[in-house]
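What follows is each chain in one-letter form.
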Amino acid sequence: MAQAARGCSLVSVLVTTLLLVAAEIDLCKRGDVTVRPARVVALGSAVEVSCSLKPGQGCQRHASSDSLVLYRVRGDRELREVAARRGQTLSLHVRDLPRGTTLFVCKLACAGRHQARVCGAEISADALPEPPGNVSCVQEGEHGSITCSWSTGPAVHLRRNYMLRLQGPGNSTWQAQCNDCSHLDLGISLTSEHLESRFTATVTVTNALGSSSSLPAPFRLLDIARPLPPWDVHVQFLNGSNSRCRLQWSNEAWVLLSRLQYRPRGSGSWRTVNMTDSPGRHDLWHLAPFTEYEFQVSSRLHRSQGGWSEWSEPLWARTPEEEPTGTLDVWLRTWPADGDQRVSLFWKSLRTAQARGEILHYQVDLQEAMGRTPTLRNVTRDTSWTWVIPRTGVWTAAVSAINSKGSSRPARLALADPCSTRSLAPALVSTSTQDGDRILVTWQPPGRSGPAVQQYVVEWTALAGHGSRAPPSWLRVPPSGRSAVISENTEPYVCYQVRVYALSGDLSGCSSVLGDSKHKAPLSGPHIEAITEDQGHVLVSWSPGPTLEQVGCVLRLRIYWQEQDSSAPPGLQEVSPGRAQNSYALPGLQRQVPYTLWMTALTAAGESPPGNQREFFLRGGASWISVLVPSACVAAVTVGVLSTPCFRQKRGHHCQWMGHRWPCTPQKSLSPWSSARFCTEVPTGLSRDREAEVTWPALNILGTEGAAQHLQELCTRCWGARVGSQHMG
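Since we're looking at a predicted model, the values are computed, not measured. (Residues numbered from 1 in each chain as written. Predicted model: local features only at pLDDT ≥ 70, side-chain atom pairs only at ≥ 80, totals over all residues. Heavy atoms only, no water.)

Caption draft 1: Representation of the overall build of the protein chain within the structure. Each helix and strand in the protein chain was counted, giving 7 helices and 49 strands. In the protein chain, buried positions account for 39% of the 729 residues. Taking all contacts inside the protein chain whose residues are at least 6 apart in sequence as the whole, residues at least 24 apart take part in 61%. In the form shown here, the protein chain has an accessible surface area of approximately 40900 Å², with 51% of it arising from carbon and sulfur atoms. (Helix = DSSP H or I, 4+ residues; strand = E, 2+ residues; numbered from the N terminus. Buried < 20%, exposed > 50% of the residue type's maximum accessible area, 1.4 Å probe, protein only. Contact = heavy atoms within 4.5 Å. Areas by Shrake-Rupley, 256 points an atom, 1.4 Å probe, with all protein chains shown as cover.)

Have a look at this one:
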């Protein structure tokens, strides 16, 4: 409420101020301002502006000091003094008035007081109106009224009045007028009886400076009459076929000629047909099947004269279906599957002109080469199909697209590994990045030893992390081609496996390479999951970075290692990510040395920051001889013990070996080649050294005394080494 009150108050103050200013200008209480010859003049004309005081309106005390000042107000409302004179009158001659209105204000200057407004005058300068041009008239429809239009010329300041006058047979006259306009409706209709009658239209324009008229515009009603646009347009496909299409519409009674324009949806150009024999009907032949068309109709009153009507409202209609044409573009992938072969077929949808209708499903027929009938028939709405077939035999597949009218010609493909023929593998396959997120693939033909190439297929698939089982995309290249540009079904910063196949009949070979349309340095390195020992090597296992961190093709991985608390530069091993399979056996690390390991990834744009760090310590281990010799000693002694007749000794005696005692049991000798007793009766109280002397001669069962002595010394050293290492551990 307060805001509304303040708004009303401001408006009241503004209106009051304007009224007071207008009152001072218009009422001219103190004097008058006159303009000669007139207040509206032609451009370049001279005018005299005079200011005079009324009796008793001068300075009251000193009339002789009256001084009049004349100001000219610019467009920005700034006052500029143009003349001044002592006395009761003041005159000024002006010639440089611009187009538009100029305001002059006269003021009275008295000594010691502010200037008082006397009076003012506005002077308008403009040109004579230009004659209207391009006068034309039209009558829309049989019962429409005549409307005429004209060009008004450049913009002017003074208001212009236009008078339209139409003269016809028998001195009949119709006229109408308007202000600052460019067309007029006379409000009259001419009938078909006046088609050949002649009429003349004239337009006169008038402003404060004078008037001018257009040239007479003669015409016949036949020249200016235009029918209303046709209506009720509809289409009928005869016999449910697109080969014959009938359009019908409604027209005014006086129409003699029609024309039809039509085009498929999305097309920029029209096809136009003129119809003279049947203005309300026309038959079209051989339209494209299952295609949406736009139809429009226009009419006129005479075969060669008069204007065309506006086009009718567009009519959209789809033609009926037809049997598909063309052949599907089919490709395949193969994988081993438990002794059999898993085959995935992929195909591209037919173009609209080939489908000629809505594709309801696809039919896949599998057939063994020696069979005459399909072994398996499958129907799918997808554009791919997977099955497992035996590795034995030669298999083929046929894929067709089916709509309500029939099926396309089957596309046949041999179900074999497309990389099986090495002599057909293309050479020097490489990729490079192109502008517009495209990938350029280049190659050289296979060697001369292989069969002649009939076609190349370039296939690309996003690597794992973006769907390892994602359907491939592919394009075909003639045998003379050596390059292809991949521009569809790709994303920036995604790595693709690109394969180039060379096809020759049912044989094919391939070569592969990685490629991307855009790359940058990775955001992080691989994450090391585990570090283990594997047969003297260090096995490093890792996981790739998150999918969101994929920034193109990773060309190499780097494994760094550095001794802890060492200032030496780290060691480095580069690994191919394709060969590594997320693990690598790292040789060359020293035992009993603590290490720190980390990894980075490299793309064509640079190297990533390090991934996580893992510490690792390769434990020390015995040499082969330190393990083998004690094992041999134990085995030999054990065989000897079991083979001696110590087990036939009386109960209470003991077997002696290495200073230990076991009860001896009388047994037959288990070894026919044993001639010495391995176990001897040892009186109690023998020293440990004496026990050894008694025990070790039993080793003669292995051979000569020299061999036994050597083995005894060797076992003693090994045993001591093992005991010593245990104490050290």
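Caption draft 2: Structural context of the environment of G58. With respect to the element layout, G58 can be found in the loop between strand 3 (47-53) and strand 4 (67-73). Classification of G58 by relative accessible area gives buried; the value is 15%. Through-space distance from the C-alpha of G58 to that of A109 is 9.1 Å; in sequence the pair is 51 residues apart. Ignoring anything within four residues of it in the chain, the contact list for G58 reads L53, D66 and L108.

Caption draft 3: Summary view of the state of the cysteines. Per the counting criterion, the structure on display carries 7 disulfides. Each disulfide pairs two cysteine sulfurs, and for C51 the partner residue is C106, the sulfurs being separated by 2.0 Å. The disulfide joining C51 to C106 has a torsion of about -85° about its S-S bond and is therefore left-handed. Of this pair, C51 sits in strand 3 while C106 sits in strand 7 (residues 100-109), placing them 55 residues apart in sequence. Classification of C51 as buried rests on a relative accessible area of 2%. Given a relative accessible area of 0%, C106 falls into the buried group. (Disulfide = S-S within 2.5 Å.)

Caption draft 4: Highlighting the packing of aromatic side chains. The final tally for this structure, using the stated rule, is 11 aromatic pairs. A ring pair is formed by F199 and F219, whose centres lie 5.8 Å apart and whose planes are at 20°; its orientation type is stacked. Residue F199 is located in strand 14 (residues 198-207), and its partner F219 is located in strand 16 (residues 217-220); the two are separated by 20 residues in the primary sequence. Each of the two residues, F199 as well as F219, counts as buried. These aromatic residues form a ring-pair network of at least three members: W174, F199 and F219. The lysine or arginine in question, R318, covers the ring of F290, its NZ or CZ lying 4.7 Å from the ring centre. For K520, the ring lying beneath its charged end belongs to Y493, and the centroid distance is 4.8 Å. (Phe/Tyr/Trp six-rings, centres within 6.5 Å; stacked < 30°, edge-to-face > 60°. Lys NZ or Arg CZ within 6 Å of the ring centre and 35° of its normal.)

Caption draft 5: Summary view of the sheet that holds strand 6 (residues 89-94). Strand order in the open sheet formed by 3 strands is 1-3-6, with antiparallel pairing between adjacent strands. In this open sheet, the two strands that pair with only one neighbour each are strand 1 (31-36) and strand 6. With strand direction ignored, the average angle separating the axes of adjacent strands in the sheet is 15°. Two strands pair when backbone bridges link them, and strand 1 and strand 3 are joined in this way by 6 bridges, in the antiparallel orientation. (Pairing = 2+ DSSP bridges. Axes fitted to C-alpha atoms, helices over the stretch in contact; angles between N-to-C directions.)

Caption draft 6: Representation of the pattern of salt bridges within the structure. Overall, the coordinates contain 20 salt bridges when judged by the stated rule. Measuring nitrogen to oxygen at the nearest pair gives 3.2 Å for the salt bridge that ties E574 to R556. Taken as a pair, E574 in strand 43 (residues 571-575) and R556 in strand 42 (residues 556-563) lie far apart in primary sequence, 18 residues in all. According to the relative accessible area criterion, E574 is partly exposed, its value standing at 33%. (Salt bridge = Lys/Arg side-chain N within 4 Å of Asp/Glu carboxyl O.)

Caption draft 7: Looking closely at the sheet that holds strand 44 (residues 583-586). Here we have 3 strands laid out as an open sheet, ordered 40-41-44, and antiparallel in their pairing. Both edges of this open sheet fall to strand 40 (527-534) and strand 44, since each of them pairs with a single strand only. Each neighbouring strand pair of the sheet contributes to a mean axis angle of 20°, computed without reference to strand direction. As defined by bridge partners, strand 41 (residues 537-543) adjoins strand 44 across 4 bridges and the pair is classed as antiparallel. The partner of V540 across the bridge, within strand 44, is Y584.

Caption draft 8: The arrangement of the side chain of R160 in detail. Residue placement: R160 occurs in the loop between strand 10 (146-151) and strand 11 (161-167). We classify R160 as buried; its relative accessible area is 10%. Of the polar contacts made by the side chain of R160, one reaches the backbone oxygen of T152; its length is 3.2 Å. Ignoring anything within four residues of it in the chain, the contact list for R160 reads P129, T152, P154, C178, N179, D180, V205, T206 and N207. (Polar contact = N/O pair within 3.5 Å; in protein donor to acceptor, adjacent residues only side chain to side chain.)

Caption draft 9: Up close: the side chain of D283. Inspection of the secondary structure assignment puts D283 in strand 22 (residues 281-285). The exposure class assigned to D283 is buried, which follows from its relative accessible area of 19%. In this structure the side chain of D283 is engaged in a polar contact, spanning 3.0 Å, whose partner is the side chain of R244. Within the structure, D283 has its side chain in polar contact with the side chain of R246 (distance 2.8 Å). Filtering out sequence-adjacent residues up to four positions away, D283 remains in contact with R244, C245 and R246.

Caption draft 10: Looking closely at the environment of Q115. Locating Q115 in the fold gives a position in the loop between strand 7 and strand 8 (116-126). The partly exposed category is assigned to Q115, whose relative accessible area is 36%. For the pair Q115 and L68, spaced 47 residues apart in the sequence, the C-alpha separation amounts to 9.2 Å. One polar contact links Q115 to Y71, side chain to side chain, over a distance of 2.8 Å.

Caption draft 11: Expanded view of unusual backbone geometry. Residue P37 follows R36 across a cis peptide bond; omega there is 10°. One can find P37 in the loop between strand 1 and strand 2 (40-42). The phi angle at N489 is positive, at roughly 55°, despite the residue not being glycine. Of note, N489 is situated in the loop between strand 37 (483-486) and strand 38 (496-504). Even without glycine at this site, Q592 takes up a positive phi of about 60°.

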